Amino acid sequence: AQTVTQSQPEMSVQEAETVTLSCTYDTSESDYYLFWYKQPPSRQMILVIRQEAYKQQNATENRFSVNFQKAAKSFSLKISDSQLGDAAMYFCAYSLEYGNKLVFGAGTILRVKS
Amino acid sequence: GAVVSQHPSRVICKSGTSVKIECRSLDFQATTMFWYRQFPKQSLMLMATSNEGSKATYEQGVEKDKFLINHASLTLSTLTVTSAHPEDSSFYICSAREQGRNYEQYFGPGTRLTVT
């Protein structure tokens, strides 16, 4: 079974600084999808970024980028120029097929200090 | 963007009663919906996959007779917690996969269930 591990229960970052959230996963598949979701206090899940395993190029979305290391089964999220609105719980997730069921990591609480 | 709603957003029920939670895709058709459960400060755990017009597929360890899922139309899936007990208190989140084009998955805002 696929598993997703987030080893950082909580992280803090100063406003305008950069922070990296870690995620590792375990799978025997070669094609799959990885995601980072943000869950603010409202509890609404928001897709931050996604990565297709067959793509070597790391995905980027404005201030958010990933470092995808397929051989190491690592998928970290870098948030640049952190803003107060970035404070939330961040979940790393895995899916064997796009749009199919997601396996989530335990989550990392990100606190942004002003 | 695609919107998924859940109703109710919060519900309190007495132990032994049943409660129904609705998940609706408001502006798209969803052949597949997913039901997740989230305990406080914990991750989301998939409970079941709901396909329109067919029986739901439950994850291992989820009691299908306790958590009844119905997906009667392309825009509505319901989760009924039967004979609820305090340990069923949790945050229930649904997501809906858009039919056709891009299979993007959209999440509802969740339902807080408290069983007293």
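Residues numbered from 1 in each chain as written. Chains lettered and ligands numbered in written order. Predicted model: local features only at pLDDT ≥ 70, side-chain atom pairs only at ≥ 80, totals over all residues. Heavy atoms only, no water.

1. Observations concerning the interface of chain B and chain A
Point 1. Contacts between the two partners involve 20 residues from chain B and, on the opposite side, 18 residues from chain A.
Point 2. Between chain B and chain A, the buried area comes to about 1,600 Å², and carbon and sulfur atoms account for 49% of it.
Point 3. Remark: the boundary between chain B and chain A carries one salt bridge.
Point 4. Of the charged contacts, one joins Lys101 of chain A and Glu59 of chain B as a salt bridge, the two residues approaching to 3.2 Å between their closest N and O atoms.
Point 5. At the boundary of chain B and chain A, one finds eight residue pairs in polar contact (both at pLDDT 80 or more).
Point 6. Of all the secondary structure elements, the ones that give two or more residues to the side of chain B that touches chain A are β4 (30-38), β5 (44-51), β9 (90-98) and β10 (105-107) of chain B.
Point 7. Taken together, the residues that form the side of chain B that touches chain A break down as nine nonpolar, six polar and five charged. (Contact = heavy atoms within 4.5 Å. Buried area = accessible area lost by both parts, 1.4 Å probe. Salt bridge = Lys/Arg side-chain N within 4 Å of Asp/Glu carboxyl O. Polar contact = N/O pair within 3.5 Å; in protein donor to acceptor, adjacent residues only side chain to side chain. Helix = DSSP H or I, 4+ residues; strand = E, 2+ residues; numbered from the N terminus. Nonpolar A, V, L, I, M, F, W, Y, C, P; charged D, E, K, R; others polar.)

2. Quick look at the side chain of Ser65 of chain A
All names here are of chain A.
Point 1. With respect to the helices, strands and loops of the structure, Ser65 is situated in strand β8 (residues 64-69).
Point 2. For Ser65, a relative accessible area of 16% gives the class buried.
Point 3. For Ser65, the contacting residues outside a window of four places in its chain are Ile49, Ala59, Thr60, Ser76, Leu77 and Lys78. (Buried < 20%, exposed > 50% of the residue type's maximum accessible area, 1.4 Å probe, protein only.)

3. Details of the nonpolar core
The nonpolar side chains of soluble globular proteins are, as a tendency, buried together.
Point 1. With 25 residues, the main nonpolar core has Tyr25, Trp36, Phe75, Leu77 and Tyr90 of chain A as its most contacted residues.
Point 2. Elements that contribute at least two residues to this core include exactly β3 (19-21), β5 (33-39), β6 (46-52), β8, β9 (74-79), β10 (88-95) and β12 (108-113) of chain A.
Point 3. If you tally residues by element for this core, the top one is β10 of chain A, at four residues.
Point 4. Aside from chain neighbours lying at most four places away, what touches Leu77 of chain A is Val19, Thr20, Leu21, Trp36, Val48, Ile49, Phe64, Ser65, Val66 and Tyr90 of chain A.
Point 5. The next biggest cluster of nonpolar side chains, apart from the first, holds 24 residues, and it includes Val4, Cys13, Ala30 and Val115 of chain B. (Core = buried A, V, L, I, M, F, W, Y, C linked by side-chain atoms within 4.5 Å.)

4. Focus on the environment of Thr18 of chain A
Residues and elements named next belong to chain A.
Point 1. By the secondary structure assignment, Thr18 is in the loop between β2 (10-14) and β3.
Point 2. Thr18 sits in the partly exposed class, given a relative accessible area of 45%.
Point 3. Residues Thr18 and Gln83, spaced 65 residues apart in sequence, show a C-alpha to C-alpha distance of 9.8 Å.
Point 4. Contact partners of Thr18, with chain neighbours within four places excluded, come to Val13, Lys78, Ile79, Ser80, Asp81 and Ser82.

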